[in-house]
Amino acid sequence: MLALGVALVWVTSNVMAGQAQNDGIALARSIESYATAPVPEEAYTVGLLSPGTTAGVSDQVSGFDDLRRLRLWTVDGTLMYDSEADVTGFPDGDRLDAATRLGEPDAEVVTEVRGEEFGGSETTLLSVYVPIDHDGVVVGAAEVMLDYSATAGAVASAIRTVTLVVAGGLVLLWILLFRTVWNASRRLQTSSLENARLALLDALTGLPNRRMLADRLERVIAEARLTGSIVGLALLDVDRFKDINDSLGHDRGDELLQQVATRLRGALREEDVVARLGGDEFAILLPDVRSVADADAAARRVRQLFVPPFMLGDLALHVDTSIGVACLPGHADDASSLMRMADVAMYTAKTHRLGVSVYSPQEDDSSPARLVLLGDLHRALSVDDELELHYQPKIDLRTGRTVGLEALMRWRHPTRGMLPPDLFVPLAEQSGLIHDLTRYALGVCVAQLAAWRQIGEPVPVAVNLSAHDVTSATVVDVIEELLARYDVPAALLEVEITETALVTDPSRVVPVLQRLGDTGVRVSIDDFGIGNTSISQLRDLPVHGLKIDRLFVSDLGATGRRGSEVVVKAMVDLAHSFGLEVVAEGVEDDEIAEALRRLTVDQAQGYLYSRAVPADRLRPEDLPRTGEAMTGLRLPVTPVTRESGTSAQAGHPSDR
Ligand code: C2E
Ligand code: CA
Ligand code: CA
């Protein structure tokens with residue numbers, strides 16, 4: 001940029017100086033023509049002019065203000081005239097030569113110093129040798145000295161101005177460019193910083209995110225392996241956060257998460273890492289704990305942080321949390337299994353409402369034996385002869401007639417024999433296989449209903465849904481599709497949902513139940529009484545019936561707890577007042593059945609009447625009523641498996 005500026009100034013000043021000199025040369029030419037007018041041609045061969053001619057010349061040029069001195073020379077350098085009346089001067093030979101030989105003026109700026117002994121004064125002069133020609137022949141030269149101080153001054157000041165303007169412009173340009181470049185690079189820098197920040201920090205709370213936690217976890221574990229220390233990991237989940245979010249709005253939900261983050265960060269040691277894993281899930285990494293008990297104690301202290309209410313505007317909100325704790329090397333030997341174990345523990349804390357739970361292998365379904373079984377279950381779902389539905393009748397306590405069936409799954413394991421659902425349903429729930437299992441059960445059940453419809457009028461059949469099934473509406477789509485495909489009325493299908501499934505996440509479950517109700521499928525609340533729902537909470541739900549848990553029912557027997565009759569009576573009366581049908585499960589003897597009848601329970605189910613059996617072993621009274629025309633015609637009742645479907649229908653339940 002400097003070179004550009006210098007070049008610019010140099011070129012401009014040259015042009016200006018050249019222009020000024022050309023003006024001077026033009027003036028010198030004109031002086032020459034005035035001066036030589038009175039000089040006869042032969043005088044150029046003589047030398048010094050006659051006094052008359054000299055006077056004539058002086059007279060001719062007297063009007064030129066800028067003329068400081070004029071001398072006339074012959075071609076060979078003899079002085080003819082000098083305005084300062086000197087008769088002995090010498091020309092600048094080279095310049096005189098050049099001017100006379102080329103026939104072109106020769107100009108040069110010279111500095112003349114006068115009165116040197118008194119400090120002197122400098123004058124800038126333009127000295128021009130102008131060739132004198134007569135009829136095309138150069139006969140001599142006029143040496144014209146012009147006062148050039150003013151011009152030189154003007155040129156210099158013009159050059160100064162140009163220099164200033166150029167320098168100013170360049171500085172401005174430089175500043176402009178610098179600013180642009182600086183801004184751009186700052187923007188780039190901040191955006192890459194921001195990207196790096198976003199990649200590792202949670203935007204809402206500013207806490208480390210899952211990635212950063214994973215990174216720290218790896219490092220802490222590597223250190224612990226060297227030092228032999230214990231690493232604790234606590235996973236924390238805000239209870240009912242979705243409800244809070246839904247009822248108070250996302251802004252308030254975000255505010256709550258920020259406050260949770262602040263409390264967590266404020267309460268932990270410098271070396272502990274608090275991270276937000278997403279949603280309402282947080283993790284606390286304790287890089288060095290003395291024992292598992294210590295990690296447990298730390299988690300309990302963290303839970304205490306939730307005791308004071310959170311202030312959201314004017315609202316004081318009490319929020320609880322479930323924390324799962326796992327340690328390395330005690331429970332896991334790498335980062336991902338440590339995460340998984342802490343997650344299992346948190347799930348236990350949440351489902352059993354423990355607040356804090358430390359990982360225990362009994363709660364875990366990831367032990368090797370379980371994993372083998374899980375693989376087997378995968379396979380079982382893809383073949384047709386391992387999983388089957390057994391049916392247990394529900395008896396109307398007033399009429400003694402079968403008014404419904406419950407479908408209960410069994411697994412005919414190739415090496416382990418018949419497995420009850422308690423051994424594989426929880427496994428399916430933890431591994432995500434539950435949705436396939438439910439789809440399977442629904443498919444077989446609807447196909448069986450369709451088959452029964454060909455011989456008569458079947459009673460409704462209930463299928464058990466898992467808590468995982470009812471958190472999304474997919475299950476409703478599956479049901480609708482099956483009913484349509486097999487042309488089975490919705491009123492013949494019922495679903496049972498445990499009370500705990502309902503209370504764990506009502507904001508997600510209720511809309512699903514609502515949609516189910518809209519399709520015409522009946523909904524019953526299973527295992528009622530062991531959760532904490534009050535019956536009045538069920539009033540506003542699309543629920544048709546209650547199944548009183550076996551625990552209460554068996555208490556009605558001779559050996560049961562006293563006073564249980566009062567509890568059951570209260571349940572039944574309240575349920576009836578809301579229009580709910582009441583079913584008692586686990587009825588094993590007549591005494592209990594009698595008690596239930598007294599308590600006006602509507603239906604009973606239990607070993608007293610029948611165990612759950614395959615379709616082809618149901619008692620005649622449990623099978624579809626064949627009607628007047630069909631009596632005596634007893635059709636064979638083959639159990640429907642996934643493959644057999646029904647002869648009248650195409651496709652089978654797992655086609656989807
Ligand atoms: P549940 O829904 O409460 O089913 C009732 C359980 O009590 C059944 O056990 C049944 O065989 C048993 N039971 C019936 N009457 C009596 C009785 O008089 N006395 C006693 N002691 N028990 C009786 P099961 O078949 O082993 O099922 C256990 C649980 O597994 C079921 O409890 C249900 O929650 C679940 N389950 C069964 N099939 C399925 C299924 O297809 N899908 C899902 N998600 N869960 C299922
Ligand atoms: Ca059930
Ligand atoms: Ca039950």
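One structure accompanies this document, and this report is about it. (Residues numbered from 1 in each chain as written. Chains lettered and ligands numbered in written order. Predicted model: local features only at pLDDT ≥ 70, side-chain atom pairs only at ≥ 80, totals over all residues. Heavy atoms only, no water.)

1. Some remarks on a nonpolar patch on the surface
Logical step 1: Residues Met-1, Val-171, Leu-173, Trp-174, Ile-175, Leu-177, Phe-178 and Trp-182 make up a contiguous nonpolar surface patch of about 790 Å² in total accessible area.
Logical step 2: Turning to its location among the elements, Leu-177 is positioned in helix 5 (residues 149-200).
Logical step 3: Take Leu-177: its relative accessible area is 44%, and that puts it in the partly exposed class. (Patch = residues over 30% accessible without salt bridge, like charges linked within 9 Å, V, L, I, M, F, W, Y side chains within 5 Å. Areas by Shrake-Rupley, 256 points an atom, 1.4 Å probe, with all protein chains shown as cover. Salt bridge = Lys/Arg side-chain N within 4 Å of Asp/Glu carboxyl O. Helix = DSSP H or I, 4+ residues; strand = E, 2+ residues; numbered from the N terminus. Buried < 20%, exposed > 50% of the residue type's maximum accessible area, 1.4 Å probe, protein only.)

2. A short note on the coordination of the calcium ion (ligand 2)
Logical step 1: The coordination sphere of the calcium ion (ligand 2), as far as protein atoms go, consists of Glu-406 (OE), Asn-464 (OD1), Glu-496 (OE) and Asp-526 (OD), spread over 2.1 to 2.3 Å.
Logical step 2: Sequence positions of the donors to the calcium ion (ligand 2) reduce to the motif E-x57-N-x31-E-x29-D. (Donors = N, O, S within 2.8 Å, 3.2 Å for Na, K, Ca; no water.)

3. Some details on the site of ligand 1
Logical step 1: The local shell around ligand 1 holds 20 residues, among which Gln-392, Arg-410, Arg-550, Glu-588 and Tyr-607 are the closest.
Logical step 2: Side-chain polar atom of Gln-392 to a nitrogen atom of ligand 1: 2.9 Å apart, as the coordinates give it.
Logical step 3: Between ligand 1 and Asp-526 there is a distance of 3.0 Å, counted from an oxygen atom to a side-chain nitrogen or oxygen.
Logical step 4: For ligand 1, whose accessible area on its own is 790 Å², the fraction buried by protein is 85%.
Logical step 5: For the shell around ligand 1, the secondary structure elements donating two or more residues are strand 14 (402-413), helix 12 (421-431) and strand 18 (522-528).
Logical step 6: Among the elements that take part in the shell around ligand 1, strand 14 stands out by supplying four residues, more than any other.
Logical step 7: Within the shell around ligand 1, the residues separate by chemical class into seven nonpolar, five polar and eight charged. (Near = heavy atom within 4 Å. Polar contact = N/O pair within 3.5 Å; in protein donor to acceptor, adjacent residues only side chain to side chain. Nonpolar A, V, L, I, M, F, W, Y, C, P; charged D, E, K, R; others polar.)

4. Description of the coordination of the calcium ion (ligand 3)
Logical step 1: At the metal site, the calcium ion (ligand 3) is ligated by Asp-526 (OD), Asp-527 (OD), Glu-585 (OE) and Glu-585 (OE), and these contacts range over 2.2 to 2.5 Å.
Logical step 2: Between the calcium ion (ligand 3) and the calcium ion (ligand 2) the interatomic distance amounts to 4.1 Å, and Asp-526 serves as a bridging ligand to the pair.
Logical step 3: On the basis of relative accessibility, which here comes to 6%, the residue Asp-526 falls in the buried class.
Logical step 4: Take Asp-527: its relative accessible area is 23%, and that puts it in the partly exposed class.

5. Focus on the packing of aromatic side chains
Logical step 1: This model, assessed by the stated rule, comprises five aromatic pairs.
Logical step 2: Each ring, one from Tyr-391 and one from Trp-452, has its centre 5.4 Å from the other, and the planes form 65°; the classification is edge-to-face. With Tyr-391 in strand 13 (residues 387-396) and Trp-452 in helix 13 (residues 434-453), this residue pair connects regions lying 61 residues apart in the sequence.
Logical step 3: On the basis of relative accessible area, Tyr-391 is assigned to the buried category, the value being 1%.
Logical step 4: In this arrangement the basic side chain of Arg-263 is found over the ring face of Phe-310, its NZ or CZ atom lying 3.6 Å from the centre. (Phe/Tyr/Trp six-rings, centres within 6.5 Å; stacked < 30°, edge-to-face > 60°. Lys NZ or Arg CZ within 6 Å of the ring centre and 35° of its normal.)

6. Section: the sheet that holds strand 2 (residues 79-82)
Logical step 1: Spatially, five strands are ordered 2-1-5-4-3 in an open sheet, and the strand pairing comes out antiparallel. Two strands bound the open sheet, and with one partner strand each, they are strand 2 and strand 3 (106-114). Sheet twist, expressed as the mean angle between neighbouring strand axes with direction ignored, is 20°.
Logical step 2: Relative to strand 4 (residues 121-134), strand 3 is paired through nine bridges, and the arrangement is antiparallel. (Pairing = 2+ DSSP bridges. Axes fitted to C-alpha atoms, helices over the stretch in contact; angles between N-to-C directions.)

7. Some details on helix 12
Logical step 1: For helix 12, the set of buried residues is Pro-421, Phe-424, Leu-427 and Ala-428. Seen along its axis, helix 12 keeps its buried residues to an arc of 150°; they face one direction.
Logical step 2: Among the residues trailing helix 12, Gly-432 stands out with phi positive, at a value near 90°. (Arc of directions from axis to C-beta.)

8. Notes on the sheet that holds strand 7 (residues 273-278)
Logical step 1: The five strands lie next to each other as 7-8-6-11-12, forming an open sheet whose pairing is mixed. Strand pairing shows two members of the sheet lacking a second neighbour, strand 7 and strand 12 (356-358), which therefore form its edges. The mean inter-strand angle of the sheet, taken between neighbouring strand axes irrespective of direction, is 20°.
Logical step 2: Its contacts with the sheet put helix 8 (residues 250-267) on strand 6 (230-238), strand 7 and strand 8 (281-289), and the angle it makes with strand 8 is roughly 10°.
Logical step 3: Those strands touched by helix 10 (residues 335-351) are strand 6, strand 7, strand 8, strand 11 (321-328) and strand 12, and its axis lies near 145° from that of strand 11. (Contact = heavy atoms within 4.5 Å.)

9. Describing unusual backbone geometry
Logical step 1: The amide bond that connects Leu-328 to the next residue, Pro-329, takes the cis arrangement and shows omega of 10°.
Logical step 2: Its location among the elements puts Pro-329 in the loop between strand 11 and helix 10.
Logical step 3: Even without glycine at this site, Ala-85 takes up a positive phi of about 60°.
Logical step 4: Mapping Ala-85 onto the fold places it in the loop between strand 2 and helix 4 (93-102).
Logical step 5: At Asp-135, a residue that is not glycine, the phi angle is positive and equals roughly 50°.

10. What to know about the pattern of salt bridges
Logical step 1: Across all of its chains, the model carries 38 salt bridges by this definition.
Logical step 2: A salt bridge links Asp-296 to Arg-300; the nearest nitrogen and oxygen atoms lie 3.1 Å apart. Taken together, the residues span about one helical turn, with Asp-296 and Arg-300 both in helix 9 (residues 292-304) at a distance of four residues.
Logical step 3: The residue Lys-547 makes a salt bridge to Glu-406 at a minimum N-O spacing of 2.8 Å.

11. Description of helix 1 (residues 2-36)
Logical step 1: With 35 residues, helix 1 ought to run about 51 Å at 1.5 Å a step, and its terminal C-alpha atoms sit 50 Å apart, in line with that.
Logical step 2: Listed in full, the buried residues belonging to helix 1 are Gly-5, Val-9, Ser-13, Ala-20, Gly-24, Ile-25, Ala-28, Ile-31, Glu-32, Ala-35 and Thr-36. (Expected span 1.5 Å × (residues − 1).)

12. Some points on the pairing of strand 18
Logical step 1: Across the seven residues of strand 18, five count as buried, placing the element largely inside the fold.
Logical step 2: Where strand 17 (residues 493-498) lies against strand 18, five bridges are found, and the strand directions are parallel. Considered in strand 18, the bridge of Glu-494 is made with Arg-522.
Logical step 3: Judged from the three bridges that link them, strand 18 and strand 19 (residues 545-548) form a sheet pairing that is parallel. Counted as the bridge partner of Phe-528 is Ile-548 from strand 19.

13. Looking at a negative patch on the surface
Logical step 1: A surface patch of like charges, here negative, comprises Glu-41, Glu-42, Asp-133 and Asp-135.
Logical step 2: With respect to the secondary-structure elements, Asp-133 resides in strand 4.
Logical step 3: Residue classification places Asp-133 among the partly exposed residues on the basis of a relative accessible area of 47%. (Lys, Arg positive; Asp, Glu negative; His and termini not counted. Charge placed at Lys NZ, Arg CZ, Asp CG, Glu CD.)

Geometric descriptors of this kind do not, in isolation, establish any biological role.
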